[in-house]
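The chain contents come next:
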Amino acid sequence: MIADIDGTAAAVTAATDMLRGNRRTGYSAGAGHEFQFTCPSPDTYPFQWAWDSAFHAIALSHVDPGRAQAELDSLLTAVSPEGFLPHMLLWQDDLRPRAVEDFRIRVTGWTSATLAPPVLARGVERVFLATGDRDWLAGVLPRTVAFYEWLRAHRSSPHTGLLLTYQPDESGLDASPKYDEAIGLTVTTGDVAPHWHDAMRRLLDSYATATGGADLLAARRFVWHDVLFNSIYADGLRAAARLCRQSPRAGRVADVFDNRARAITAALHRHCWDEERGVFWDLDVVRGTPVRVLTVSSLFPLILEDLPAPTARRLVEEHLLNEREFWTAFPVPSVAVDEPTFDPDFRTGAIFRGSSWVNLNWFLHDGLLRHGYRRVAEVIARRTVEMTARSGMRECYGPFDGVGHAARQFGWSSLVIDLVAGMEGERQ
């Protein structure tokens, strides 16, 4: 039983009810498989998204471990023989025509042709820790390993070692203002959302003849080293390494993955760290320049266990705890308060332009614990619980008032269950 401290019971109840209501099951003729997953939002996001599902599985591991396994089983059905895991799985045959109209994606059959941030191994690890089911792990681990191998083979830059993304959605940060210049978005105040959609469609139209990563790289339309994406990749490699050590067949891969994770941390520090400002910047590979727009991405290497202590200290003490940047009443805003494009009230109608997000808080909470900032982590956890208790399961929240924004009954905000379990000492 979770005590009702600062709204914990209300937040967990809302999250549990949402997970129950967003469950989708059936058979897809187009895919040729049965499915069981948690849709991110019934009204707005009816399909299965890769990083959403990893977060859903983590939350479900506390309330229904069998469903957590089924969530990832359905997701891993889409892994190609080469190891590619798509961002979106369009299971529902009747809804599939809507996907291209509503979302900025390229579709191949019943899946998207794009990536999501590679949270997969973290999700698999947490479900395994909750269940101890080695037979299940043996079934999902080969496809999990194959995905991380695919990322290195097909998205790693030979010049930096960092992974490349070819459109903003692949980072998961969609309409973040750090991409505005690269996609030609000139309207940055008022109703930004329709202008952003137009810019994204122009980008995707320019990729019409591209058939793979080499073509997308050669097109030189959008090529990016995303700090958040690469941080999640390195974190996933560490989780994959720990999983591999649980399997006699995969154990030899564990050291390889750990070494790759260390190499990504080093590459982020070498290519993206700004010693003068004390933050990390994304790199626009087409222009060959850092993108000096201060967003939550600039803090995200905090999730890496081998980030040097002086670097972690500067990120936390100069920026995260800076009230002019990220330390708001309901942290952590996705864009720094002092950025011209900061949108705390969702007036632009575009996501990741200032609102706070449960999934980003969840990652940063763990990173803060790893680097010894327990008190800061506790404050973020409690304020995240408070905003979800106040506003329910929303897509994102106002960083000053905790008011819910965008989609309702939003799936990954159920990560509040995991935060509460950590607060109560119940997390695996």
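What counts, and where the lines are drawn
Residues numbered from 1 in each chain as written. Predicted model: local features only at pLDDT ≥ 70, side-chain atom pairs only at ≥ 80, totals over all residues. Heavy atoms only, no water. Helix = DSSP H or I, 4+ residues; strand = E, 2+ residues; numbered from the N terminus. Polar contact = N/O pair within 3.5 Å; in protein donor to acceptor, adjacent residues only side chain to side chain. Phe/Tyr/Trp six-rings, centres within 6.5 Å; stacked < 30°, edge-to-face > 60°. Buried < 20%, exposed > 50% of the residue type's maximum accessible area, 1.4 Å probe, protein only. Axes fitted to C-alpha atoms, helices over the stretch in contact; angles between N-to-C directions. Parallel < 35°, antiparallel > 145°, perpendicular 65-115°, else oblique. Left-handed = near helix turned anticlockwise from the far one by under 90°. Contact = heavy atoms within 4.5 Å. Nonpolar A, V, L, I, M, F, W, Y, C, P; charged D, E, K, R; others polar. Core = buried A, V, L, I, M, F, W, Y, C linked by side-chain atoms within 4.5 Å. Pairing = 2+ DSSP bridges. Salt bridge = Lys/Arg side-chain N within 4 Å of Asp/Glu carboxyl O. Expected span 1.5 Å × (residues − 1). Arc of directions from axis to C-beta. pLDDT = per-residue confidence, 0-100.

> Outline the side chain of N322, supporting the account with residue identities and numerical values.
Among the structural elements, N322 can be located in the loop between α12 (309–320) and α13 (358–370). Among the polar contacts listed, one links the side chain of N322 to the backbone nitrogen of R324, at a separation of 2.9 Å.

> Could you give an account of the packing of aromatic side chains, naming the residues involved and the relevant values?
Applying the stated rule across the entire model yields 25 aromatic pairs. Geometrically, the ring pair formed by W362 and F363 is edge-to-face, given 5.0 Å between the ring centres and 70 degrees between the ring planes. Taken as a pair, W362 and F363 share a single burial class, namely buried. Site record: aromatic cluster; members linked through ring pairs are Y45, F47, W49, W51, F55, F300, F352, W357, W362, F363, F410 and W412.

> How would you sum up the packing of helix α2 (residues 50–63) against α13? Please name residues and give values.
It is the contact of α2 with α13, at a shortest axis distance of 12 Å, that shows an interaxial angle of 65 degrees. As judged from the angle between their axes, α2 and α13 are roughly perpendicular. Considering only the axes of α2 and α13, their crossing is left-handed. Between α2 and α13, the contacting residues are W51, F55 and I58 on the first element and N359, W362 and F363 on the second. The residue inventory of the contact of α2 with α13, partitioned by class, reads 5 nonpolar, 1 polar and no charged.

> For the nonpolar core, give the residues involved together with the corresponding values.
Among the nonpolar cores identified, the biggest contains 148 residues, and L120, Y148, F257, F300 and L320 are the most heavily contacted of them. Among the elements that take part in this core, helix α10 (residues 227–244) stands out by supplying 12 residues, more than any other. When residues no more than four places from it in sequence are discounted, the contact partners of L320 are L299, L315, F326, W327, V332, L368, V376 and I380.

> Give me the lowdown on the sheet that holds strand β7 (residues 224–225), citing residues and values where you can.
Pairing is antiparallel across the open sheet formed by 3 strands, whose spatial order is β7-β10-β11. Each edge of the sheet is formed by a strand with only one pairing partner; in this case those strands are β7 and β11 (289–291). Relative to strand β10 (residues 282–284), β7 runs antiparallel, the two being bridged by 2 bridges. If you follow W224 over to β10, its bridge partner there is D284.

> Pulling in residues and values, what's your account of the pattern of salt bridges?
Enumeration over the complete set of coordinates arrives at 23 salt bridges. For D235, the salt bridge is made with R122, and the minimal N-O distance between the two is 2.7 Å. You can see D235 sitting in helix α10 and its partner R122 sitting in helix α5 (residues 120–131), a full 113 residues away along the chain. Judged by relative accessible area, which is 2%, D235 ranks as buried. Under the relative-accessibility criterion, R122 is labelled buried at 5%. In this structure, R238 and D306 form a salt bridge, with 3.2 Å as the shortest nitrogen-oxygen distance. One end of the pair, R238, is in helix α10; the other, D306, is in the loop between β11 and α12, and 68 residues separate them in sequence. With relative accessibility at 28%, the residue D306 sits in the partly exposed group. The structure contains a network of salt bridges with shared partners spanning R238, R245, D255, D258, E305 and D306.

> Residues and numbers for the pairing of strand β12 (residues 394–397), please.
Examined bridge by bridge, β12 and strand β13 (residues 404–408) share 3 bridges and lie antiparallel to one another. Residue pairing in the sheet places Y397 in a bridge with G404 of β13.

> Give a description of α2 that names residues and reports values.
Taking 1.5 Å as the rise per residue, α2 with 14 residues should run 20 Å; its terminal C-alpha atoms sit 20 Å apart, in good agreement. Counting buried positions over the 14 residues of α2 gives 12, a clear majority of the element. Buried within α2 we find A50, W51, D52, S53, A54, F55, H56, A57, I58, A59, L60 and S61.

> Outline the side chain of T160, listing residues and values.
One can find T160 in the loop between α6 (134–155) and α7 (180–183). The exposure class assigned to T160 is buried, which follows from its relative accessible area of 17%. A distance of 3.1 Å separates a polar atom in the side chain of T160 from the backbone nitrogen of L162. Filtering out sequence-adjacent residues up to four positions away, T160 remains in contact with H225, A267 and H271.

> Explain helix α1 (residues 8–21) to me, and be specific about the residues and the numbers.
Taking 1.5 Å per residue as the helical rise, α1 with its 14 residues ought to reach 20 Å, and the 20 Å between its terminal C-alpha atoms agrees with that figure. Listing the buried residues of α1 in full gives T8, A11, V12, A15, T16, M18 and L19. Each buried residue of α1 sits inside an arc of 160 degrees when the element is viewed along its axis, so together they form one side. Each element contacted by the buried residues of α1 is listed here: β1 (23–28), β2 (33–38), α2, α3 (65–76), α14 (374–391) and α15 (416–423).

> Tell me about the confidence of the model for the protein, residues and numbers included.
On average, the protein scores 94 in pLDDT, and the residues at 70 or more come to 96%. Ignoring residues within four places in sequence, the model shows residues 1–5, a span with pLDDT below 50, making 14 contacts including any to other chains.

> Before we move on, can you summarise the environment of R201 with the specific residues and values?
Summarising the element assignment, R201 is placed in helix α8 (residues 193–206). In sequence terms R201 and D282 are 81 residues apart; their C-alpha atoms lie 23 Å from each other.

> So, the packing of α6 against helix α11 (residues 251–272): which residues are in play, and what are the values?
Remark: α6 packs on α11, axes separated minimally by 12 Å, with the N-to-C direction vectors making an angle of 40 degrees. Comparing the axis directions of α6 and α11 gives the class oblique. Here the hand of the crossing between α6 and α11 comes out left-handed. Contacts between α6 and α11 involve V145, Y148, E149 and R152 on the former and, on the latter, V253, F257 and R260. For the contact of α6 with α11, a count of residues per class yields 4 nonpolar, no polar and 3 charged.

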